[in-house]
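Structural overview
Below, each chain spelled out in residue letters.
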Amino acid sequence: MSSNYFLNLNEQQRAAVMHTDGPLLILAGAGTGKTRVLTSRLAHIIDQKKAFPSNILAVTFTNKAAKEMQMRIGSIIGNAIEGMNWLGTFHSIGAKILRLHAEKANLKSDFTILDTDDQLKVIKEVIKTLNIDEKRFPPRYFLLQIENWKNMGLSPDKVAMSDLDVIGHEKSIDVYAGYQKRLSRLNSADFGDLLLLPLELLRGNDSLLNRYESIFSYILVDEYQDTNSVQYLLLKLLSQ
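Notes on the structure follow. (Residues numbered from 1 in each chain as written. Predicted model: local features only at pLDDT ≥ 70, side-chain atom pairs only at ≥ 80, totals over all residues. Heavy atoms only, no water.)

The first and last C-alpha atoms of helix α7 (residues 172-185) sit 20 Å apart over 14 residues, in line with the 20 Å expected at 1.5 Å per residue. Here α7 has its buried residues at Ser172, Ile173, Val175, Tyr176, Gly178, Tyr179, Gln180 and Leu183. For α7, the elements touching its buried residues are α5 (116-129), α6 (139-151), β4 (188-189) and α8 (193-203). Of the residues trailing α7, Asn187 is marked for its positive phi of about 55°. (Helix = DSSP H or I, 4+ residues; strand = E, 2+ residues; numbered from the N terminus. Expected span 1.5 Å × (residues − 1). Buried < 20%, exposed > 50% of the residue type's maximum accessible area, 1.4 Å probe, protein only. Contact = heavy atoms within 4.5 Å.)

Quick look at the structure:
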């Protein structure tokens with residue numbers, strides 16, 4: 001691999017690519033070359049033998065961005081891209097961790113990921129057992145509440161009554177807990193679980209956390225939603 005990954009980079013971008021020790025934050029607007037800098041920096045890390053491809057965690061938010069990043073990196077590092085086992089979206093990386101350690105989350109490795117319709121069916125069953133008036137508080141209301149808590153990194157046992165919104169149902173936390181139990185029995189997870197459950201696994205298991213800390217020599221993040229707490233918490237935990 002040659003150092004042609006420096007081509008078409010300005011002075012500030014080159015400086016970012018060459019920075020390989022310690023944390024680095026790049027702030028730039030849309031279309032200014034952030035992904036180009038990240039892929040070039042990743043190539044530089046491999047070229048300088050700072051880390052093997054399998055020891056780099058590279059994440060982004062959308063599938064489109066992940067595919068674009070994979071193509072760009074592949075054009076620079078060639079066949080070495082095949083060793084990048086940890087390149088993808090937050091949710092694909094989370095799903096991979098969860099499948100590797102599913103039993104620790106009361107699941108099997110072949111768990112299914114529910115779509116919105118299936119989620120609503122499960123919640124409907126739960127609220128029926130709790131004698132909640134579905135006309136006043138439909139399943140979708142509880143689903144939005146649960147999704148919000150998962151984005152905050154809160155499992156049912158970590159949600160407090162103060163976390164309920166102004167018109168929140170007093171049994172919302174019970175619905176959340178019942179929903180998670182049913183998902184486990186169905187060997188299923190929802191989209192939010194792909195981040196929350198790995199976070200819970202790593203929080204509660206020091207040896208597992210140490211294992212991933214030793215795997216990831218570098219963590220490169222193309223973009224993430226700064227309003228999504230669970231993404232931040234997961235990154236913070238892995239990079240500490």
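After that view, the rundown keeps rolling.
One finds Leu98, Leu202 and Tyr212 to be the most contacted residues of the largest nonpolar core, which totals 28 residues. Listed by contribution, the elements that provide at least two residues to this core are β1 (56-60), α4 (90-100), α8, α9 (206-215) and α10 (229-239). If one sorts the elements of this core by residue count, α8 sits on top with 6 residues. Leave out the neighbours within four places in its chain, and Tyr212 touches Trp86, Ile97, Leu100, His101, Leu202 and Leu238. (Core = buried A, V, L, I, M, F, W, Y, C linked by side-chain atoms within 4.5 Å.)

Take the packing of aromatic side chains next. In this description, a pair of aromatic rings is defined by centroid distance and the angle of the planes. If you walk through the whole model with that rule in mind, you get 8 aromatic pairs. Aromatic pair Tyr141 and Phe142: ring centres 5.0 Å apart, planes at 75°, arrangement edge-to-face. For Phe142, a relative accessible area of 1% gives the class buried. Here Tyr212 and Phe216 contribute two aromatic rings whose centre-to-centre distance is 6.0 Å and whose plane-to-plane angle is 35°, an arrangement assigned as tilted. Take Tyr212 and Phe216: they sit in the same class, and that class is buried. Among the aromatic residues, those joined into a ring-pair cluster are Trp86, Tyr212 and Phe216. (Phe/Tyr/Trp six-rings, centres within 6.5 Å; stacked < 30°, edge-to-face > 60°.)

What follows covers the sheet that holds strand β2 (residues 87-89). In spatial order, the strands read β2-β1-β5; together these 3 strands make up an open sheet with parallel pairing. Each having just a single partner strand, β2 and β5 (218-221) make up the two edges of the open sheet. The sheet shows a mean angle of 20° between the axes of neighbouring strands, taken without regard to direction. As defined by bridge partners, β1 adjoins β5 across 4 bridges and the pair is classed as parallel. Residue pairing across strands places Val59 opposite Val221, the latter belonging to β5. The sheet strands contacting helix α2 (residues 34-47) are β1 and β5, and the helix crosses β5 at an angle near 165°. Helix-sheet contacts for α4 involve β1, β2 and β5, and the interaxial angle to β2 is about 110°. (Pairing = 2+ DSSP bridges. Axes fitted to C-alpha atoms, helices over the stretch in contact; angles between N-to-C directions.)

This brings us to the pairing of β1. Among the 5 residues that make up β1, 5 are buried, leaving the element largely enclosed by the rest of the structure. Residues of β1 alternate between two faces, with Ile56, Ala58 and Thr60 on one and Leu57 and Val59 on the opposite face, all of them buried. Handedness of the crossover joining β1 and β2 through helix α3 (residues 63-77): right-handed. (Right-handed = clockwise from strand over helix to strand, strands pointing away.)

Another point: the packing of α2 against α3. Contact geometry of α2 with α3 gives a least axis separation of 10 Å together with a crossing angle of 40°. Judged by the inter-axis angle, α2 sits oblique to α3. Read as a crossing pair, α2 and α3 show a hand that is right-handed. Where α2 approaches α3, its residues Thr35, Arg36, Leu38, Thr39, Leu42, Ala43 and Ile46 are matched on the opposing element by Met69, Arg72, Ile73, Ile76 and Ile77. (Parallel < 35°, antiparallel > 145°, perpendicular 65-115°, else oblique. Left-handed = near helix turned anticlockwise from the far one by under 90°.)

The next point concerns the packing of α6 against α7. Orientation of α6 relative to α7, taken along the N-to-C sense of each, is 80°, at an axis distance of 10 Å. As judged from the angle between their axes, α6 and α7 are roughly perpendicular. Residues Tyr141, Phe142, Gln145, Ile146, Trp149 and Lys150 of α6 form the contact with α7, whose own contacting residues are Ser172, Ile173, Val175, Tyr176, Tyr179, Gln180 and Leu183. Looking at the contact of α6 with α7 residue by residue, the classes come out as 9 nonpolar, 3 polar and 1 charged. (Nonpolar A, V, L, I, M, F, W, Y, C, P; charged D, E, K, R; others polar.)

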